[in-house]
Amino acid sequence: MATYAEMKEMFDEIRADFRYDHELNGCLNCGICTATCPSAQFYDYSPREIVQLLWTENVEQIYDAMQEKIWACAQCMTCAARCPFKNSPGGLVMIMREVSIRHGMQSAKDVLRPFGRVMLKLITTGNQLSPDMIQPDHFPDWGPNIQKVEGDLRILRKAIPVRTLQTVETAWEVSLKTSVEMYTIWEMTGVLKSLETMDENLFDVIEDFIDEKREDYEDWLESQER
Ligand code: SF4
Ligand code: SF4
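Just so you know, these numbers come straight off a predicted model, no measurement behind them.

As for the site of ligand 1
Alright, step 1. Taken together, the neighbourhood of ligand 1 is formed by Cys27, Leu28, Asn29, Cys30, Gly31, Ile32, Cys33, Arg48, Val51, Cys83, Pro84 and Asn87.
Alright, step 2. Per-class residue counts for the shell around ligand 1 are eight nonpolar, three polar and one charged.

This is the structure in structure tokens:
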């Protein structure tokens, strides 16, 4: 359990985010956001409650909400389109999630662990997800509908009439230069640092991979100068 000072530090970090004043302009407590929120229909979750906690600066309960509730938001932004105060509860949730990741909260680790393979794929190839990576055990939150997309990408692609789209290789290919540029962006924007906080083993694997790719790129550049 965090001390009050640690909870306060996290709240101050949320409030200091450059998006915060844009996403929170006051709150009537009208509940329109919760009435239209899809996640509120299925989980013990209410965007009105999140906004009220932030608006009243309830440091302890904000920390409490970061333990579980903030991970129920689907980031659909219906709430932002409907709030009479032009608040964005979904945007505030995103800030809270980012702070919880930076602080290595267990709730963030638990939620993000199943996405380790997706991260590995995304960072090492530049592509996010392919159907042959979608396995029911890794995405329990998708429910039974996962059966509709689960499968071998190569087989699924056979159904695409255009010949060039039938191969996995070229469809998912990213140039070395683009990959190296992406690594720099992720480094500069703190993505890799967040990854290290969340999963040190995965970070080590990805860091080795990035080093190798950077060396390959340097070699390629040298070969062009000869
Ligand atoms: S819709 Fe806006 S004003 Fe109403 S409860 Fe939600 S955040 Fe507050
Ligand atoms: S963005 Fe999150 S809080 Fe807002 S309506 Fe969608 S699920 Fe609900």
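Some words on the side chain of Ser107
Alright, step 1. Along the chain, Ser107 falls in helix 9 (residues 106–112).
Alright, step 2. Every residue in contact with Ser107, bar those within four places of it in the chain, is listed here: Met66, Gln67 and Trp71.

What about the site of ligand 2?
Alright, step 1. Among the 13 residues in the neighbourhood of ligand 2, the closest are listed as Cys37, Cys73, Cys76, Met77 and Cys79.
Alright, step 2. Across the shell around ligand 2, the residue classes break down as nine nonpolar, four polar and no charged.

Examining the nonpolar core
Alright, step 1. Ile14, Tyr20, Ile50, Leu54, Ile62, Met66 and Met96 are the most contacted members of the largest nonpolar core, which totals 32 residues.
Alright, step 2. If you list the elements that add at least two residues to this core, you get helix 1 (4–16), helix 5 (47–55), helix 6 (59–67) and helix 8 (89–102).
Alright, step 3. Of the residues forming this core, the biggest block, six residues, is contributed by helix 8.
Alright, step 4. When sequence neighbours within four positions are dropped, the list of residues in contact with Leu54 reads Phe11, Ile14, Tyr20, Leu24, Ile62, Leu92 and Met96.

What about the pattern of salt bridges?
Alright, step 1. Overall, the coordinates contain eleven salt bridges when judged by the stated rule.
Alright, step 2. Note that Arg15 is salt-bridged to Asp12, the shortest N-O span being 3.0 Å. Here the residue Arg15 and the residue Asp12 both occupy positions in helix 1, the gap between them amounting to three residues, near one helical turn.
Alright, step 3. Looking at Asp12, the relative accessible area reads 29%, which means it is partly exposed.
Alright, step 4. Here the salt bridges do not stand alone but share partners, grouping Lys8, Asp12, Arg15 and Glu57 into one network.

What about the confidence of the model for the chain?
Alright, step 1. Model confidence for the chain is summarised by a mean pLDDT of 88, while 87% of its residues fall at 70 or above.
Alright, step 2. Ranking the helices and strands of the chain by mean pLDDT puts helix 5 first, with 98, and helix 12 (residues 168–171) last, with 60.

Re the packing of aromatic side chains
Alright, step 1. On inspection of all chains with the given rule, the structure shows two aromatic pairs.
Alright, step 2. Consider the rings of Tyr183 and Trp186, whose centres lie 6.3 Å apart with planes at 45°: the pair is tilted. In this pair, Tyr183 and Trp186 both sit in helix 13 (residues 176–188), three residues apart, roughly one turn of the helix.
Alright, step 3. For Trp186, a relative accessible area of 15% corresponds to the buried category.
Alright, step 4. Here Tyr217 and Trp220 contribute two aromatic rings whose centre-to-centre distance is 6.1 Å and whose plane-to-plane angle is 15°, an arrangement assigned as stacked. In this pair, Tyr217 and Trp220 both sit in helix 15 (residues 200–225), three residues apart, roughly one turn of the helix.
Alright, step 5. According to the relative accessible area criterion, Tyr217 is buried, its value standing at 13%.
Alright, step 6. According to the relative accessible area criterion, Trp220 is partly exposed, its value standing at 42%.

Definitions and cut-offs
Numbers given for residues are sequential positions, taken from 1 along each chain in its written order. Each chain takes a letter, starting from A, and each ligand takes a number, starting from 1, following the order in which they are written. Local features in a predicted model are, by the rule used here, given only for residues with pLDDT of at least 70; side-chain atom pairs are given and counted only at 80 or more, and totals for whole chains, interfaces and linings are based on all residues. Note: side-chain values were computed over all heavy atoms of the structure, leaving out hydrogens and water. For each residue, the test is whether any non-hydrogen atom lies within 4 Å of the molecule or strand; if one does, the residue is near. In the scheme used here, Gly and all other residues not listed as nonpolar or charged are polar, with Ala, Val, Leu, Ile, Met, Phe, Trp, Tyr, Cys and Pro taken as nonpolar and Asp, Glu, Lys and Arg as charged. Helical segments are the DSSP runs of H or I of at least four residues, strand segments are the runs of E of at least two, and each set is numbered from the N terminus. Residue contacts are defined here by distance: any two heavy atoms, one from each residue, within 4.5 Å place the two residues in contact. For our purposes a nonpolar core is just a set of buried Ala, Val, Leu, Ile, Met, Phe, Trp, Tyr and Cys residues, chained together by side-chain atoms within 4.5 Å. Three exposure classes are used, based on accessible area relative to the maximum for each residue type with a 1.4 Å probe and protein chains only: buried under 20%, partly exposed in between, and exposed over 50%. A carboxyl oxygen of Asp or Glu within 4 Å of a side-chain nitrogen of Lys or Arg is what we treat as a salt bridge. For every residue, the pLDDT score states the predictor's confidence, bounded by 0 at the bottom and 100 at the top. Ring pairs are drawn from Phe, Tyr and Trp, using the six-membered ring of Trp, whenever the two centres fall within 6.5 Å, and their geometry is named by plane angle: stacked under 30 degrees, edge-to-face over 60, tilted for the rest.

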